[in-house]
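# Per-entry structural report
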Amino acid sequence: MLPFVRNKKYIKYYLLVVSTFLLFSIISLSDIRLDGIKNLAGVFFVDSITKEELEKDYALAEKGNDKIKILIAPGHDEGRGGTEFRGIKERDLNIEMAEILTRLLRKEGEFEVSLSRNKNEYHKGIQTYIEENYDEIKDFRKEYKDTMDSLVRSGLVDTRNGVEHNNAPNATVIRLYGINKWANENDIDIVIHIHFNDHSGRRYNQSGKYSGITIYIPEKQFSNAKASLALAKSVFKRLSTYSATSNMPLERKGIVEDQELIATGAYNTLDPAVLLIEYGYIYEAQFINPKTRTLAIEDLALQTYFGVLDFFGKKELQKNNIYNTATLPYLWNDNLKKGVRGNKDVFALQTALAFQFFYPPTQKSKNDCPVNGNFGPCTARAVIDFQKKYNIEPASGFVGPITRFKLNTLFSTTPEASDYGL
Ligand SMILES: [Zn+2]
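Quick caveat, the model's predicted, so the values are computed rather than measured.

## Topic: the pairing of strand β4 (residues 111-115)
Within β4, four of the five residues are buried, leaving the element largely enclosed by the surrounding structure. Across five bridges, strand β1 (residues 68-74) lies against β4 in parallel orientation. Paired with Leu71 across the two strands is Ser114, which belongs to β4.

And the structure:
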C-alpha cells in the first residue's frame, strides 16, 4: 500500500482547515475572496478515492500487502428506527442481510471486513469511538457543513432537491457522522449501508405501489463520487439479474446520486467509496413469508458479493456458480399450481424460469412479475412457455411430475427419475 495515497485524505482535511481560515480572514476583499472560494472548492472536492487506486490496492492485497478494508453497516439502530410492515422490522432484515454479506466477503483473503452491528451488539471499536468522540463528531459535521454552505452560497456547488429522506433523530445523526469519521480515520476503502425501502404514501398494513432495488451514491461533485459510481454499477448489474429495479419515479435509474444522505457522506464527510443499497420494498411478497424471505436475502447478499468481486475483476468464484444465484440448484418434490403463495418451491421455480428467460413472460417487467414465491398468472404463463419448449403435454401451467422431472433434470444436481414415480 502506498502511504501517500492513503494520506491524501489528511491533506484534504488540512487544506480545508487552512483555506477556510484564509477565506474568512479576507472576507472584505471580494475578488480575492472569490479566488479563495474557488480554491476551497477544488480542495474540498479533491478525489478521496478512485477506482484505479482501489484496483491497485487490490493487486497489492493479492500479493499479501494490506487488505482492502470494507465496512458493512446495516441500517438503523438496535431496537429502534427503520420501517415496519405487518410486524416485520426493516432493522432485522438489514442485520440478516449484513451478516450473510459479511460472511461471504470474509471468504476473500484480500478483504478485511468490519460489521458495524450484528444481531447482538454494535462493533466495539466504532461504539467506543463514538462515545469518546461525541463532541469531535459534532465539530466535524459542523466544519464540513459550514464549508459546504459557503460553497453553495457562492454558487460553486449545485444543490438539488432530490429524494426526500426522513430527518433522523439527533443521536442517530451523530452516530452516522461518527461512522463516517471513523471510516475516514481507519482507512476504510468501501462502505456498504444496507436498507429496505418503504413507500411512505401506503396505507397501514397494506402494500405500497412501488417495488424493486435502488442504490444511493454520493452526488458527482463529492470526493468519493467516482469510485462509488463505478462500484455501484458492478453491484447493481448483479442485483438486477433476478430482481426488479425500483419503479418509484425518482429511483427509476436504479443508481441514484444524493447530496443529503448522511450515510453516503452528506457535506462531503466521507472518503471511502460508498453504496447505500435499498434491497427492495419491505412489503414485497418475497420478504413477507419467512421461507421465501431467507431465499431472497441469501440471493441478494450473494449478488452484492459477486458485484464487489466483479468490480475488482475477480472471476474464478462465479465460474463455480453457473446459475449466478444462491437459489439454484434446487430439487422440487411437490407439484405446484396457480394460487400457491409464499412458497419456496415457487420462488425457486420462478428463479429457474428466469434463468431460462421465460420469467417474467414477454411484455411483463420484473416489477409486474417478481421472483416472490406467489404462483399467479405470470408464473402460469412462464410455465406454459417452458412446457411448450420441452414438449410437455398438456402445456397447462400446472407443475406436475413430468414438468418437475424436467426442472430437476435441468436445475438439480441429483435428479433421479424414480423420485418422481416415472
Ligand atoms: Zn432504512
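Moving on from the coordinates now.
## Quick word on a negative patch on the surface
A cluster of acidic residues, Asp135, Glu136, Asp139 and Glu143, forms a negative patch at the surface. Mapping Asp135 onto the fold places it in helix α6 (residues 134-153). Overall, Asp135 belongs to the exposed group, its relative accessible area being 52%.

## Things to note about the coordination of the zinc ion
Protein coordination of the zinc ion is provided by His76 (NE2), Glu90 (OE), Glu90 (OE) and His195 (ND1), with donor distances spanning 2.1 to 2.7 Å. Every donor counted, the four donor atoms about the zinc ion form angles of 52 to 143° at the centre, which fits irregular coordination. In primary sequence terms, the donor set of the zinc ion follows H-x13-E-x104-H. Linking His76 in the loop between β1 and β2 (84-85) with Glu90 in helix α4 (residues 90-106), this pair joins segments that are 14 residues apart in sequence. Taking relative accessible area as the criterion, Glu90 reaches 3% and is therefore assigned buried.

## Digging into the pattern of salt bridges
Applying the stated rule across the entire model yields 15 salt bridges. Residue Lys145 pairs with Asp149 through a salt bridge whose shortest N-O separation is 2.9 Å. Here Lys145 and its partner Asp149 are both found in helix α6, four residues apart, which amounts to about one turn of the helix. The class of Lys145 is partly exposed, set by a relative accessible area of 24%.

## A look at the packing of helix α5 (residues 124-132) against α6
Remark: α5 packs on α6, axes separated minimally by 4 Å, with the N-to-C direction vectors making an angle of 80°. With respect to their mutual orientation, α5 and α6 come out roughly perpendicular. Each of Tyr129, Ile130, Glu131 and Glu132 in α5 lies in contact with α6, whose residues at this interface are Tyr134, Glu136 and Ile137.

## So, the packing of aromatic side chains
In this structure the tally under the stated criterion is 20 aromatic pairs. Ring plane angle 70° and centroid distance 5.0 Å describe the contact between Phe44 and Phe45, whose orientation is recorded as edge-to-face. Their ring planes at 45° and their centres at 5.6 Å tell us that Tyr323 and Phe411 sit as a pair that is tilted. Placement of the pair is Tyr323 in the loop between α11 (316-319) and α12 (344-355) and Phe411 in helix α14 (residues 401-411), with a sequence separation of 88 residues. This pair shows no difference in class: Tyr323 is buried, exactly as Phe411 is. Counting every residue linked through ring pairs, the aromatic cluster contains Phe44, Phe45, Phe140, Tyr144 and Phe222. Geometry around Phe311 places Lys51 over its ring, the cationic atom sitting 5.4 Å from the centre.

## Quick notes on the confidence of the model for the protein chain
In this model, the protein chain carries an average pLDDT of 89, and 86% of its residues clear a pLDDT of 70 or more. The model gives residues 1-8 a pLDDT under 50, and that stretch makes 13 contacts with residues more than four places away or in other chains. Scored below 50 in pLDDT, residues 414-422 shows 14 contacts in the model against residues more than four places distant or in partner chains.

## Observations regarding the nonpolar core
Ranked by size, the top nonpolar core spans 82 residues in total, and within it Ile72, Phe111 and Trp332 carry the most contacts. In terms of residue count, the dominant contributor to this core is helix α10 (residues 290-311) (eleven residues). Core analysis: the second largest hydrophobic core is formed by 29 residues, Tyr144, Met148, Val157 and Ile188 among them.

Scoring rules and cut-offs
- Residues numbered from 1 in each chain as written.
- Predicted model: local features only at pLDDT ≥ 70, side-chain atom pairs only at ≥ 80, totals over all residues.
- Heavy atoms only, no water.
- Buried < 20%, exposed > 50% of the residue type's maximum accessible area, 1.4 Å probe, protein only.
- Helix = DSSP H or I, 4+ residues; strand = E, 2+ residues; numbered from the N terminus.
- Pairing = 2+ DSSP bridges.
- Patch = residues over 30% accessible without salt bridge, like charges linked within 9 Å, V, L, I, M, F, W, Y side chains within 5 Å.
- Areas by Shrake-Rupley, 256 points an atom, 1.4 Å probe, with all protein chains shown as cover.
- Salt bridge = Lys/Arg side-chain N within 4 Å of Asp/Glu carboxyl O.
- Lys, Arg positive; Asp, Glu negative; His and termini not counted.
- Charge placed at Lys NZ, Arg CZ, Asp CG, Glu CD.
- Donors = N, O, S within 2.8 Å, 3.2 Å for Na, K, Ca; no water.
- Tetrahedral: all angles 85-135°; square planar, octahedral: opposite > 155°, others 65-115°.
- Axes fitted to C-alpha atoms, helices over the stretch in contact; angles between N-to-C directions.
- Parallel < 35°, antiparallel > 145°, perpendicular 65-115°, else oblique.
- Contact = heavy atoms within 4.5 Å.
- Phe/Tyr/Trp six-rings, centres within 6.5 Å; stacked < 30°, edge-to-face > 60°.
- Lys NZ or Arg CZ within 6 Å of the ring centre and 35° of its normal.
- pLDDT = per-residue confidence, 0-100.
- Core = buried A, V, L, I, M, F, W, Y, C linked by side-chain atoms within 4.5 Å.

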